[in-house]
Amino acid sequence: MAHIHWYPGHIAKAQRQLKEKLNLVDVIIEVIDARIPYSSRYPSTDKLCPNKPRLILMNKADLADEKYNKIWKNIISDITQCDCVLTDFKKAEDINKIISKVIFLSDDIMQKRAQKGLLARAVRTMVIGMPNVGKSSTINRLVKHSKTKTGAKAGVTRTQQWVRINDKIELLDTPGIIPTTQDDQNVALKLAFVNSVGENAYDSEYVAQKLLETLSKNYKTELLNYFKLSDDEQLSLENIAIKKCWLQKGSNPDTLRASEIILSAFRDAKLGRITLETPEEYGFI
Ligand SMILES: Nc1nc2c(ncn2[C@@H]2O[C@H](COP(=O)(O)OP(=O)(O)OP(=O)(O)O)[C@@H](O)[C@H]2O)c(=O)[nH]1
Ligand SMILES: [Mg+2]
């Protein structure tokens, strides 16, 4: 049985909307989450945007384990055949890196336009990604670079605006949301860990228990330290609730409270910098 549910109607609609937007741009900026670089990637980009140059931002690099950031960046770049850069919303220098990569990636398209005798114009780009990966933060950072809105273009719905980032780049001011499917529960679970799935789509006790199991593999010490437990202690919701004296009426362990605390401790990086998937588990090393 699937533990994490989405609604198929929404997926089809989201896919259609994403495709419409992708048709408008020359270069795609895809944001993924550095803590789950493999699972937050768009798995079927080739179907929706064949042959479009794509820049991948492995965002929230500040929350992910430094030991894995560069390794994953290279693997993602290899498997997608796209440029990939590590980003973090506090690093101002990332913006110039993104801008110059987008210009570089558009070079072929712009040259082809010129050969066809078409008028030179700015490169059009947009940000896409799964929920909560940092799409809006990325757009805001790029837009802060310049504040001029360039108004609606033919074929673009009025609610969308192109923002001129500099004289060479225009950015769609709304992101494209990548529709998630529940085909792969392992991926769904990872997305739930990083809060990329609406909370009413899953049972938080189930997800928190799975997060405990995942963290126990590579970050057991961090977990034990955070909950001030000794090495031989069992890392289950019940045991943590009992040890921390999170009890309900009748002295039952308050496992719901334990789950919420575990999920937010991970999401807010209170356990330290963590990457939830290793290159080894996917056979890359
Ligand atoms: N630590 C850290 N937090 C980030 C980073 N980028 C974004 N965030 C935070 O992650 C959360 C989600 O960021 P958004 O930019 O709203 O993400 P989004 O992809 O637009 O999310 P949706 O619109 O819900 O799909 C916010 O709380 C941001 O402050 C980053 O590089 N590092
Ligand atoms: Mg957003």
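Residues numbered from 1 in each chain as written. Chains lettered and ligands numbered in written order. Predicted model: local features only at pLDDT ≥ 70, side-chain atom pairs only at ≥ 80, totals over all residues.

> Sorry if this is basic, but what is going on with the pairing of strand 6 (residues 169-172) here?
Remark: a regular strand shows side chains that alternate across the two faces of the sheet. Alternating residues of strand 6 divide into Ile169 and Leu171 and Glu170 and Leu172, and every residue in both groups is buried. Summarising the sheet, strand 4 (residues 123-129) and strand 6 pair through 3 bridges and their orientation is parallel. Within the sheet, the bridge partner assigned to Arg124 lies in strand 6 and is Glu170. Taken together, the 4 bridges between strand 5 (residues 162-166) and strand 6 define a ladder with antiparallel strand orientation. Pairing of Arg164 across the sheet is with Glu170, part of strand 6. Two successive antiparallel strands, strand 5 and strand 6, enclose a turn made up of 2 residues. (Buried ≥ 20, exposed ≤ 12 C-beta atoms within 10 Å, placed from the backbone. Helix = DSSP H or I, 4+ residues; strand = E, 2+ residues; numbered from the N terminus. Pairing = 2+ DSSP bridges.)

> Any chance you could explain the domain arrangement of the protein here in plain terms?
Much of the literature gives interface size as the accessible area that the parts lose upon coming together. Here the domain parsing of the protein yields domain 1 (8-177) and domain 2 (203-282). Taken over C-alpha atoms, the centre of domain 1 sits 34 Å from the centre of domain 2. Taken together, the contact pairs 12 residues of domain 1 with 9 residues of domain 2. Its residues placed into classes, the side of domain 1 that touches domain 2 shows 8 nonpolar, 1 polar and 3 charged. (Domains from an automatic or database assignment. Contact = placed C-beta atoms within 7 Å. Nonpolar A, V, L, I, M, F, W, Y, C, P; charged D, E, K, R; others polar.)

> Could you clarify how one ought to interpret the site of ligand 1 in this entry?
Taken together, the neighbourhood of ligand 1 is formed by 16 residues, with Phe89, Gly134, Lys135, Ser136 and Ser137 sitting nearest. Looking at the shell around ligand 1 element by element, the count peaks at 3 residues for helix 5 (residues 135-144). The residue makeup of the shell around ligand 1, split by class, is 6 nonpolar, 6 polar and 4 charged. (Near = placed C-beta within 6 Å.)

> What is the right way to read the nonpolar core from this model?
In a soluble, globular protein the nonpolar side chains are often hidden away together inside. Residues Ile29, Met58 and Leu211 are the most contacted members of the largest nonpolar core, which totals 65 residues. When residues of this core are assigned to domains, at least three map to each of domain 1 (8-177) and domain 2 (203-282). Leu211 has contacts with Phe193, Ile262, Leu263 and Phe266, leaving out every residue within four places of it along the chain. (Core = buried A, V, L, I, M, F, W, Y, C linked by C-beta atoms within 7 Å.)

> I keep staring at the packing of helix 6 (residues 185-193) against helix 7 (residues 204-218) and nothing clicks. Help me out?
The relative placement of two packed helices comes down to the angle between their axes together with the axis-to-axis distance. It is at 10 Å that the axes of helix 6 and helix 7 come closest, and there the two elements cross at 95°. The orientation of helix 6 with respect to helix 7, classified from their angle, is roughly perpendicular. The segment helix 6 lies against helix 7, with Leu189, Ala192 and Phe193 engaging Val207, Lys210 and Leu211. Residues of the contact of helix 6 with helix 7, tallied by class, amount to 5 nonpolar, no polar and 1 charged. (Axes fitted to C-alpha atoms, helices over the stretch in contact; angles between N-to-C directions. Parallel < 35°, antiparallel > 145°, perpendicular 65-115°, else oblique.)

> What am I meant to see in the environment of His10 here?
Turning to its location among the elements, His10 is positioned in helix 1 (residues 8-22). For the pair His10 and Lys67, spaced 57 residues apart in sequence, the C-alpha separation works out to 37 Å.

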